[in-house]
Structure formats: structure tokens, C-alpha cells
Amino acid sequence: AYCNHRFYRYDTFKTAIVDDPVQHRRDLGQRYQRASVALCSYPKHDMPEETRGLRIIPQRLWEGLAGGTVMIGMPPEEELQRISVGEVVVEQLPADPKAGVAAIERLVDGDTRGIRRRNLDLALRHHDWVHRWITMFETLGLDVPPDATERVKELNAIADALI
């Protein structure tokens, strides 16, 4: 859908049935790479009776981070973002609809290259699956496979090139 000459895609769905997961991941990643701003809210933010006030990290946060997009929405708890991500990466969307639109427009029209670089850097240096595998190997006292170490070097080289 287009609004004020801007493309907007509302893609949430109730069931997670995906016929081709690889293609779905590729399409989603490319969408985040091209996006100026992504709405990112904690799960069931509109269902307080189910969340009981918990504001956890949504999967879309990791996808947006890896795509280097700027995120705004009903953010997960700030402390949880700092612990899990390393920084607060989701900006609070104002509750007032007009103020919310203005906040999104400010991000779309503003210079967000620094935010995008920071998000990519965080993803590349800390949030690839290889980082989790290395933590698991180290926690278990096992040798880290050479391929994992090599992947971290490659990711760090990509992050270094962003500067």
C-alpha cells in the first residue's frame, strides 16, 4: 500500500505456515535491507491480559538488526534490550497516532546512516548464530570448531568495512 508516496507493508499473520522457509528468509532479509524504518513491537503488545506487562524481545528485532534497518514501535524492555542486544535499538512509538506518524516521518526523512551502521555492526559482531554456537562450545568446555572461528573473522571484516 502507498501512503503519502511511501510504500507501507503490513505483513503480520496469525499462523506461521511457510511453504519455503529459505525463500521466506531471503525475502524478509531483503525487505529489511531496503526498508527505511521497520515497526518492531514486543509480542502481543495489544494483549496486556496475556503479556501481564512483560515486554520481551520479538524475533523481528533480530531480523531488523541484521538488515540494518531503523526500528520504532512498542519496544521490548530497555534493560532486556541492553542485556540481549547490547544497546537499546527500538525507539518508542508515541501512543498518539498523529505523533506516531510524525515520529516515523522524522526517521524516514532524517539521516539514519549512523543508526543503520550501528545495527549492522551489532548484528555482525554479536548476533549471528555462530556467536551462540561458540558460547555453547565454550560453556561446555569444548574446542570451538575452526569453521566457526573463521566465520567470526569474516563477519568482523564485514563490520570493519562498514566504518
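Below is a short write-up of the structure. In this numbering scheme, every chain counts its residues from 1 along its sequence in written order. In keeping with the predicted nature of the model, local features appear solely for residues at pLDDT of at least 70, side-chain atom pairs appear and are counted solely at 80 or more, and the whole-chain, interface and lining totals rest on all residues. The side-chain numbers reported here are obtained from all heavy atoms of the structure, hydrogens and water having been left aside.

## Side note on the overall build of the protein
Here a strand is any run of E in DSSP of at least two residues, a helix any run of H or I of at least four, and the numbering for each starts at the N terminus. Per the secondary structure count, the protein includes eight helices and five strands. Going from the N terminus to the C terminus, the protein shows its helices and strands as β-β-α-β-α-α-β-α-β-α-α-α-α. Taking the principal axes of its C-alpha atoms as reference, the protein extends roughly 55 × 40 × 35 Å. Buried positions account for 28% of the 163 residues belonging to the protein. The long-range fraction of contacts in the protein, counting pairs at least 24 apart against all pairs at least 6 apart in sequence, stands at 55%. Just so you have it, the protein exposes about 11,200 Å², and 56% of that area is on carbon and sulfur atoms. Only four residue types enter the charge count: Lys and Arg as positive, Asp and Glu as negative, with His and the chain ends excluded. Throughout, a charge is located at the NZ atom of Lys, the CZ atom of Arg, the CG atom of Asp or the CD atom of Glu. For the protein, the distance from the average position of its 22 positive side-chain charges to the average position of its 25 negative side-chain charges is 4 Å. Three exposure classes are used, based on accessible area relative to the maximum for each residue type with a 1.4 Å probe and protein chains only: buried under 20%, partly exposed in between, and exposed over 50%. Here a residue-residue contact requires only that any non-hydrogen atoms of the pair lie within 4.5 Å. Note on areas: these come from Shrake-Rupley sampling with a 1.4 Å probe, and a residue is covered only by the protein chains present in the view.

## Description of the nonpolar core
Counting 13 residues, the largest nonpolar core has Leu61, Leu65, Met71, Val85, Val89 and Val90 as its most contacted members. The set of elements that each furnish at least two residues to this core consists of helix H1 (21-34), helix H3 (59-67) and helix H6 (113-126). Definition used in this section: a nonpolar core is a set of buried Ala, Val, Leu, Ile, Met, Phe, Trp, Tyr and Cys residues joined via side-chain atoms within 4.5 Å. In this structure, Val130, Val152, Leu155 and Ala159 belong to the second largest nonpolar core, which totals seven residues.

## Comments concerning helix H7 (residues 129-139)
Every buried residue of H7 is listed here: Val130, His131 and Ile134. One side of H7 holds all its buried residues, which, seen down the axis, span an arc of 100°. Exposed and oriented more than 90 degrees from the buried face of H7 are Trp129 and Thr139. The secondary structure elements touched by the buried residues of H7 are H6 and helix H8 (146-162). Measuring from the backbone nitrogen of Val130 back to the side-chain oxygen at the start of H7 gives 3.0 Å, which picks out Asp128 as the cap. Of the residues one or two after H7, Gly141 is the one with positive phi, at around 75°. Directions from the helix axis toward the C-beta atoms define the arc. In protein, a polar contact means a hydrogen-donor-capable atom and an acceptor-capable atom, both N or O and within 3.5 Å, with residues adjacent in sequence counting only if both atoms are side-chain atoms; elsewhere, any N or O pair within 3.5 Å suffices.

## Side note on the environment of Met74
Along the polypeptide, Met74 turns up in the loop between strand S4 (70-73) and helix H4 (78-84). Considering only alpha carbons, one finds Met74 and Ala159, 85 residues apart in sequence, at a separation of 28 Å. Excluding residues that lie within four positions of it along the chain, Met74 makes contacts with Cys40, Ser41, Tyr42, His45, Gln92 and Leu93.

## What about the packing of H7 against H8?
Only the contacting stretch of a helix is used when fitting its axis, a line to C-alpha atoms as for every element, and angles between N-to-C directions run 0 to 180 degrees. At a minimum axis distance of 10 Å, the contact between H7 and H8 shows a crossing angle of 140°. The orientation of H7 with respect to H8, classified from their angle, is oblique. Here H7 and H8 pass one another in a crossing that is left-handed. Of the residues in H8, those in contact with Val130, His131 and Ile134 of H7 are Ala148, Arg151, Val152 and Leu155. For this classification, the nonpolar set comprises Ala, Val, Leu, Ile, Met, Phe, Trp, Tyr, Cys and Pro, the charged set comprises Asp, Glu, Lys and Arg, and every other residue, Gly included, is treated as polar. Partitioned by chemical class, the residues of the contact of H7 with H8 number five nonpolar, one polar and one charged. For this classification, under 35 degrees means roughly parallel, over 145 means roughly antiparallel, 65 to 115 means roughly perpendicular, and everything else is oblique. Here a crossing is taken to be left-handed if its near helix is turned anticlockwise relative to the far helix by less than a right angle, and right-handed if that turn runs clockwise.

## Notes on the packing of aromatic side chains
Centres within 6.5 Å make a pair out of two Phe, Tyr or Trp rings, where for Trp the six-membered ring is used; the pair is then stacked when the planes are under 30 degrees apart, edge-to-face when over 60, and tilted otherwise. In the structure shown here, the tally under the stated rule is one aromatic pair. Their ring planes at 40° and their centres at 6.3 Å tell us that Trp133 and Phe137 sit as a pair that is tilted. With a gap of four residues between them, Trp133 and Phe137 both fall in helix H7, about one helical turn apart. Counted as over-ring charges are cases with an Arg CZ or a Lys NZ within 6 Å of the ring centre that also lie within 35 degrees of the ring normal. The ring centre of Trp129 lies 5.3 Å from the NZ or CZ of Arg132, which sits over that ring.

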